[in-house]
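Commentary on secondary and tertiary structure
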Amino acid sequence: MAEATHVGQPGQQERHDAQRLPGARPRLWRNLATARTTTTTTLALFAGFLLLRLPFRSSYPVNWDSVQFGLGLQRFDVEHHQPHPPGYVGYIALGKLINFVVHDPIATLTLMAIVAGAIAPAMFYLLARRFLPEKMALVAAVTFGASTLVWYYSEVALTYIVELAILLPFLLFIHRALSNPGCGRDLLYASLLLAAVGSFRQTALALMLPLWLYALWRHDWRDRLTAGGVLAGASALWLGPLLWLSGGLANYIRLSRELAEITGGNTSVLSMNPAGPAKNAGFVMAGLIVGVNVVAILLLAGSPAIIRWLRARPLHDSLFFALWAVPALAVYLLGHTGQVGYVLMLLPIPFLGLGVALPYIANLLHQLTPRITPRRASYGIIAVILAVNASGLFALPPAMSMAKPASVPLDVRQFDLRGSDAHWREMEAGIKNYPPDSSAVLTTIGGPRVSGSYRHLSYLLPEYHVYGLGRSLENGTFGPLFYAHQGQNDYEIEGMQVVDQRIELPLDVRYVIIPDAEIVDRLEAALDGETAWIDQRGEMTVIVVEPETTVVFSIGGEIITLSTCGEEFCGPSPGRAD
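Reading the values: rules and limits
- Residues numbered from 1 in each chain as written.
- Predicted model: local features only at pLDDT ≥ 70, side-chain atom pairs only at ≥ 80, totals over all residues.
- Heavy atoms only, no water.
- Helix = DSSP H or I, 4+ residues; strand = E, 2+ residues; numbered from the N terminus.
- Contact = heavy atoms within 4.5 Å.
- Areas by Shrake-Rupley, 256 points an atom, 1.4 Å probe, with all protein chains shown as cover.
- Buried < 20%, exposed > 50% of the residue type's maximum accessible area, 1.4 Å probe, protein only.
- Arc of directions from axis to C-beta.
- Pairing = 2+ DSSP bridges.
- Axes fitted to C-alpha atoms, helices over the stretch in contact; angles between N-to-C directions.
- Core = buried A, V, L, I, M, F, W, Y, C linked by side-chain atoms within 4.5 Å.
- Salt bridge = Lys/Arg side-chain N within 4 Å of Asp/Glu carboxyl O.
- Phe/Tyr/Trp six-rings, centres within 6.5 Å; stacked < 30°, edge-to-face > 60°.
- Lys NZ or Arg CZ within 6 Å of the ring centre and 35° of its normal.
- Parallel < 35°, antiparallel > 145°, perpendicular 65-115°, else oblique.
- Left-handed = near helix turned anticlockwise from the far one by under 90°.
- Nonpolar A, V, L, I, M, F, W, Y, C, P; charged D, E, K, R; others polar.

What follows covers the overall build of the chain. Check the secondary structure of the chain and you find 24 helices and 10 strands. Across the chain, every contact between residues at least 6 apart in sequence was considered, and the portion connecting residues at least 24 apart equals 72%. Carbon and sulfur atoms make up 64% of the accessible area of the chain, which totals about 26200 Å².

For the rest of this paragraph, the subject is helix H16 (residues 303-312). Every buried residue belonging to H16 is among Ala305, Ile306 and Trp309, and all of these are buried. Take H16 and look down its axis: the buried residues cluster within an arc of 100°, on one side only. Residues of H16 that are buried in the fold lie against helix H15 (295-301), helix H17 (315-334) and helix H18 (348-368).

Here the focus is the side chain of Ser147. Structurally, Ser147 is set in the loop between helix H6 (134-145) and helix H7 (148-153). Look at Ser147 and you get buried, because its relative accessible area is 0%. The residues contacting Ser147, other than those within four sequence positions of it, are Val290, Gly291, Leu347, Phe351 and Asn389.

The next subject is the sheet that holds strand E10 (residues 560-563). If you trace the three strands from one edge of the open sheet to the other, you get E5-E9-E10, paired in antiparallel fashion. Both outer strands of the open sheet, strand E5 (502-504) and E10, are each paired with one neighbouring strand and no more. Here the average twist between neighbouring strands, direction ignored, is 20°.

For the rest of this paragraph, the subject is the nonpolar core. By size, the foremost hydrophobic cluster in this structure holds 139 residues, and its most contacted members are Tyr153, Ile161, Phe170, Leu171 and Phe320. When residues of this core are assigned to their parent elements, the largest contribution, 15 residues, is made by helix H8 (residues 160-179).

Moving on, we come to the pairing of strand E3 (residues 478-485). For E3, a buried count of seven out of eight residues is recorded, marking the element as mostly surrounded by other parts of the structure. Here six bridges tie strand E2 (residues 465-471) to E3, and the two strands are oriented antiparallel to one another. What sits directly across from Leu469, in E3, is Pro480. In this structure, the hairpin formed by E2 and E3 is closed by a connection of six residues, where Gly476 is found at a positive phi of approximately 80°. Of the strand pairs in this sheet, E3 and strand E4 (residues 488-489) are connected by two bridges, and their pairing is antiparallel. Across the sheet, the residue bridging to Ala484 is Asn489, located in E4. From the end of E3 to the start of E4, which pair antiparallel, there are two residues, and Gln486 there has a positive phi angle of about 55°.

We now examine the pattern of salt bridges. Evaluation of the coordinates by the stated rule reveals 10 salt bridges. Measuring nitrogen to oxygen at the nearest pair gives 2.9 Å for the salt bridge that ties Arg254 to Glu258. On the criterion of helical spacing, the pair formed by Arg254 and Glu258 is a turn pair, its members being four residues apart in helix H12 (residues 249-262). Note on Arg254: relative accessible area 22%, which makes it partly exposed.

A few words now on unusual backbone geometry. Residues Gln82 and Pro83 are joined by a peptide bond in cis, for which omega reads 0°. Topologically, Pro83 is positioned in the loop between helix H3 (64-74) and helix H4 (89-102). Between Pro85 and the following residue, Pro86, the backbone shows a cis peptide bond with an omega angle of 10°. Relative to the assigned elements, Pro86 resides in the loop between H3 and H4. In this structure, Tyr88 is a non-glycine residue whose phi angle is positive, near 50°. In this fold, Tyr88 is placed in the loop between H3 and H4. Positive phi, normally seen in glycine, also occurs at Glu548, with a value near 60°.

Let's shift gears to the packing of aromatic side chains. One pass over the structure, following the stated rule, counts 25 aromatic pairs. Look at Phe320 and Phe321: their rings are 5.2 Å apart centre to centre, the planes differ by 70°, and that puts the pair in the edge-to-face class. Of the two residues examined, Phe320 and Phe321, each falls in the buried class. One aromatic cluster is present, built from ring pairs that chain together Tyr152, Tyr153, Tyr160, Tyr332, Tyr342 and Phe415. A cation sits over an aromatic face here: Arg455 above Tyr491, 4.5 Å from the ring centre. Here Arg522 stacks its cationic end above the ring of Phe478, 3.9 Å away from the centre of that ring.

Our next topic: the packing of helix H5 (residues 105-128) against H8. Relative orientation and spacing of two packed helices are given, respectively, by the angle between their axes and the distance between those axes. Where H5 contacts H8, the two axes come as close as 8 Å, and the packing angle between them is 20°. Taken together, H5 and H8 sit at an angle that is classed as roughly parallel. Along this stretch, H5 crosses H8, giving a crossing that reads as left-handed. Residues Met112, Ala113, Ala116, Gly117, Ile119, Ala120, Met123, Phe124, Leu126 and Leu127 of H5 touch H8, and the partners they reach there are Ile161, Val162, Leu164, Ala165, Leu168, Pro169, Leu171 and Leu172. For the contact of H5 with H8, the per-class residue count stands at 17 nonpolar, one polar and no charged.

This is the structure we're talking about:
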């Protein structure tokens with residue numbers, strides 16, 4: 001029995017004897033001290049970044065997806081994109097639980113992002129310690145947490161940072177499983193986390209599956225069966241409800257395919273349209289520039305050290321990084337990239353490289369200028385990185401706000417958190433000057449200059465009659481596509497196929513409110529209306545109409561006018577806003 005205890009954990013007597021050996025007690029205390037230091041540093045990173053995120057959080061949905069997540073907390077409905085496919089069922093379920101206390105969907109989702117934005121650098125620190133010395137792991141975690149891209153997505157009601165906060169511990173445990181194939185416990189934890197991240201963002205599970213399969217292959221058949229069962233069982237816990245709430249597997253596949261056709265269908269390499277992959281590459285490059293910025297220069301300068309470091313790593317480390325990055329890059333570049341937040345999944349990798357390159361660059365600077373010690377050089381470099389990231393978050397948005405509103409589309413304005421909140425706050429307040437029952441709001445769902453305010457206003461002002469105008473998928477004709485009122489809307493991809501030529505406004509409507517310039521530009525000259533509200537981000541036009549008014553769209557939708565003669569057009573209403 002005494003011999004058997006040496007195979008696994010030592011027995012009680014052996015532990016007692018070991019502690020009496022020369023040097024055993026110092027090693028024990030060093031291990032305990034290291035564990036306490038690691039725990040303290042991890043908690044400090046979480047608390048520090050949590051406090052940094054709180055003052056800069058957004059108050060309004062920043063883009064179309066953000067609105068749809070908020071709508072999903074009110075009523076989960078994938079068919080009407082509340083939220084859009086693939087459903088994000090775990091993200092919405094957690095949001096619903098928190099919203100029982102917060103009672104504000106966007107505030108709830110933003111709070112989730114803030115907490116996740118504090119968890120991510122703390123978890124990255126634990127992952128970085130597996131590759132870097134303690135101090136360099138801390139430097140990598142601090143600079144990563146301060147990255148402009150990480151900081152931005154920690155302040156808004158979107159999924160990307162929440163996904164990353166679960167993905168990083170998965171990567172930690174999967175690397176432990178790769179480094180120690182005899183320990184199935186780490187593979188088990190990684191499988192549970194992979195199922196969890198899949199519930200929050202289903203595509204993340206698919207992208208990380210090759211890495212999980214490689215770890216599975218390095219273990220024995222018992223661990224494989226156990227981990228496979230855990231992943232399948234845990235995934236079934238969210239996949240079953242998702243399919244049931246989506247109307248069954250066939251309907252879920254149909255909804256996902258419809259969205260994929262109007263998004264990835266235009267950007268995928270299979271579309272044979274070079275502009276599509278070029279657009280994907282632009283998003284990826286923009287994300288890396290914003291997320292990595294000056295660190296990219298340091299990676300180039302420290303490339304000799306990074307190359308030596310990579311060559312010294314075992315094969316499973318090289319495959320770990322390859323299977324982490326390559327599947328995601330392939331999908332983002334050749335398939336579809338919706339916005340720069342996709343890059344968050346890859347962003348920890350260059351900051352690990354920074355931890356390798358920094359000592360090399362600091363010593364190089366010391367050799368060039370002996371008066372600068374390596375420590376001072378390191379502190380200076382870190383200060384520059386943090387300063388650039390701060391300027392990216394706080395200095396860039398005001399610069400963007402100086403542009404003319406028509407030249408800055410809303411999908412770019414979303415990165416100006418203060419300006420975005422001010423835009424929607426002023427628009428909401430301006431429209432509320434008009435009675436909900438007697439007001440119709442004409443908005444766009446998309447166009448060459450704006451990303452459209454239909455989804456925002458149907459969420460912010462559910463008591464108003466809100467119409468969504470856009471181009472049909474069938475022939476590109478501009479006209480009415482969707483309608484929302486009292487929290488109900490008919491938004492779905494199938495409804496984008498064909499537009500109507502007119503809108504029969506409700507009988508009580510007396511005010512037609514138009515916040516989007518793309519519609520104002522199409523109004524017949526006599527219907528220009530008067531500007532009822534202006535701020536630095538845009539303007540709103542209001543027209544007083546007669547009872548039984550119909551909004552009429554010319555063929556092609558290039559000219560919009562109003563009729564007060566029922567079905568027959570007889571000229572525009574003379575009513576104007578006072």
